[in-house]
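Structural overview for review
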Amino acid sequence: MVSGPRGLGPVVAAPASPPPCHAPGPDGPWEEVQERVEETGRAVVHATWGQWLTPVLLDPGLRTLLGRDWPRYRQHPAAAGRMSLAVSRAVVKYTAAAALQVPTDRLDLAYLPGGRPVLRGLGADLEVSLTHTGELIVVGVSRSGPIGVDAEPVDRRISFEALREHVCTAEEGDVLAALPEPERTERFLRLWTLKEAYTKALGHGMRRRFSAVGFEWDATGGARLVGDADGEWAFTTHLVGGRFWVSEAHCRSTAQQSRSQAPTPAPASAPASAAGSASAQGRELSSPSDVKIIDFSGRRSPRRQ
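What this report covers is the structure whose coordinates are included nearby. (Residues numbered from 1 in each chain as written. Predicted model: local features only at pLDDT ≥ 70, side-chain atom pairs only at ≥ 80, totals over all residues. Heavy atoms only, no water.)

Here the focus is the overall build of the protein. Helix and strand counts for the protein stand at eight helices and eleven strands. The buried share of the protein, reckoned over its 305 residues, is 54%. For the protein, contacts bridging at least 24 residues in sequence account for 68% of all contacts bridging at least 6. (Helix = DSSP H or I, 4+ residues; strand = E, 2+ residues; numbered from the N terminus. Buried < 20%, exposed > 50% of the residue type's maximum accessible area, 1.4 Å probe, protein only. Contact = heavy atoms within 4.5 Å.)

What follows is the structure, encoded as structure tokens:
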């Protein structure tokens with residue numbers, strides 16, 4: 001393993017947590033998601049439009065599956081927008097249903113101001129985060145504290161100089177500026193997804209200035225939040241399908257705390273990014289210690305019953 005520049009960790013990093021689960025369609029398999037939620041309290045799932053589109057659109061129960069999103073689906077003026085809405089919401093519902101081990105038709109997916117998805121009624125204490133970019137859809141679910149996910153294509157063309165002041169702290173910017181291309185772009189994109197995931201977990205999304213949030217890396221390439229002395233936050237970035245950086249942020253503290261006590265970025269004076277992710281934003285989450293653990297005997301398919 002070769003060490004990278006100060007503050008950016010090794011060139012090759014081995015994530016401490018397993019990679020996101022792949023869900024090739026509504027039929028799963030979902031056992032791995034259920035096992036991870038049982039063992040760790042959370043899971044991250046990735047899927048692609050192409051694999052989900054046909055079974056979702058041909059589902060005779062699509063109206064029930066989409067629930068309160070049905071009118072929006074029917075009224076969307078563009079076919080691509082309708083398909084995007086249907087597939088992304090289906091992946092969210094099937095992932096949440098697998099985590100809770102209940103049929104999808106028992107879940108009511110709603111949204112808070114800013115667009116963050118939440119479950120009403122059954123499973124209301126399950127945290128949900130959604131992002132999609134290109135053909136990739138990523139969903140994070142957690143019953144053990146706030147969670148946020150973000151993804152970016154590894155080949156995304158991006159201007160470091162144009163976004164440096166909005167995304168990087170002064171130290172991060174200096175370190176990245178000293179790197180050669182294309183390494184600078186790779187590190188910048190990974191840093192970006194970490195900050196997106198963290199602010200989504202906080203419920204702030206792009207309403208917060210990323211340059212007020214600093215990261216540092218340990219000897220193994222693990223990301224740490226500057227100022228998080230107690231290690232309440234855990235971060236992981238994985239390369240999915242060789243084409244996308246996918247980052248997860250999770251608050252693993254079990255201490256009684258309010259969200260205002262977490263390291264929180266300052267209000268933005270300008271947009272943090274022009275990211276294309278359909279991120280989950282805007283929710284004030286409860287303390288992780290207040291989360292109710294919903295237990296179901298045995299494992300069930302998320303298919304409707």
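That covers the picture; the talk isn't over yet.
Moving on to helix α1 (residues 31-40). Every buried residue belonging to α1 is among Val 33, Gln 34, Arg 36 and Val 37, and all of these are buried. Angularly, the buried residues of α1 cover 165 degrees about the axis, an arc narrow enough to put them on a single face. Contacts from the buried residues of α1 go to β1 (21-22), β2 (42-48) and α5 (79-100). One or two positions beyond α1, positive phi appears at Gly 41, with a value near 90 degrees. (Arc of directions from axis to C-beta.)

Ranked by size, the top nonpolar core spans 38 residues in total, and within it Trp 30, Trp 52 and Leu 119 carry the most contacts. Those elements that place two or more of their residues in this core are α1, β2, α2 (49-57), α3 (62-66), α4 (70-75), α5, β5 (127-133) and β6 (136-142). It is α5 that contributes the most residues to this core, twelve residues altogether. Ranked by size, the runner-up nonpolar core spans 27 residues in total, among them Leu 176, Leu 189, Tyr 198 and Phe 235. (Core = buried A, V, L, I, M, F, W, Y, C linked by side-chain atoms within 4.5 Å.)

A separate point is the pairing of strand β7 (residues 147-153). Along any regular strand, the residues point their side chains to alternate faces of the sheet. Along β7, seven of the seven residues are buried, which leaves the element largely enclosed by surrounding structure. Residues Ile 147, Val 149, Ala 151 and Pro 153 point to one face of β7 and Gly 148, Asp 150 and Glu 152 to the other, with burial holding for every one of them. Bridging between β7 and strand β11 (residues 244-251) involves seven bridges; their strand directions are antiparallel. For Pro 153, the partnering residue across the bridge sits in β11 and is Phe 244. (Pairing = 2+ DSSP bridges.)

Strand order in this open sheet of three strands is β7-β11-β10, and the pairing throughout is antiparallel. In the strand order of this sheet, the two ends are held by β7 and β10 (233-240), each with one partner. The mean angle between the axes of side-by-side strands here comes to 15 degrees, regardless of whether they run parallel or antiparallel. With eight bridges joining them, β10 and β11 adopt antiparallel strand pairing. Each bridged residue has a counterpart across the sheet, and for Leu 239 the counterpart in β11 is Trp 245. Sitting on the sheet, helix α8 (residues 183-202) touches β7, β10 and β11, and the angle it makes with β7 is about 150 degrees. (Axes fitted to C-alpha atoms, helices over the stretch in contact; angles between N-to-C directions.)

For the rest of this paragraph, the subject is the environment of Arg 190. One can find Arg 190 in helix α8. Through-space distance from the C-alpha of Arg 190 to that of Glu 152 is 8.2 Å; in sequence the pair is 38 residues apart.

For the pair helix α6 (residues 160-167) and α8, the least separation of the axes is 12 Å and the interaxial angle reads 35 degrees. Two packed elements cross with a definite hand, and for α6 against α8 that hand is left-handed. Taking contact as the criterion, the partners of Phe 160, Leu 163 and Val 167 in α6 are, on α8, Arg 184, Phe 188, Trp 192 and Lys 195. Looking at the contact of α6 with α8, its residues break down into five nonpolar, no polar and two charged. (Left-handed = near helix turned anticlockwise from the far one by under 90°. Nonpolar A, V, L, I, M, F, W, Y, C, P; charged D, E, K, R; others polar.)

Turning to the packing of aromatic side chains, a few remarks are in order. Overall, the coordinates contain eleven aromatic pairs when judged by the stated rule. When the ring of Phe 215 is compared with that of Trp 217, the centres are 6.4 Å apart and the planes differ by 50 degrees; the resulting orientation is tilted. In this pair, the class of Phe 215 matches that of Trp 217, namely buried. Relative to Phe 235, the ring of Trp 233 lies with its centre 6.3 Å away and its plane at 20 degrees, an arrangement referred to as stacked. Phe 235 carries the same exposure label as Trp 233, and that label is buried. One cation-aromatic arrangement involves Arg 190 over Trp 245; the distance from NZ or CZ to the ring centre is 4.9 Å. (Phe/Tyr/Trp six-rings, centres within 6.5 Å; stacked < 30°, edge-to-face > 60°. Lys NZ or Arg CZ within 6 Å of the ring centre and 35° of its normal.)

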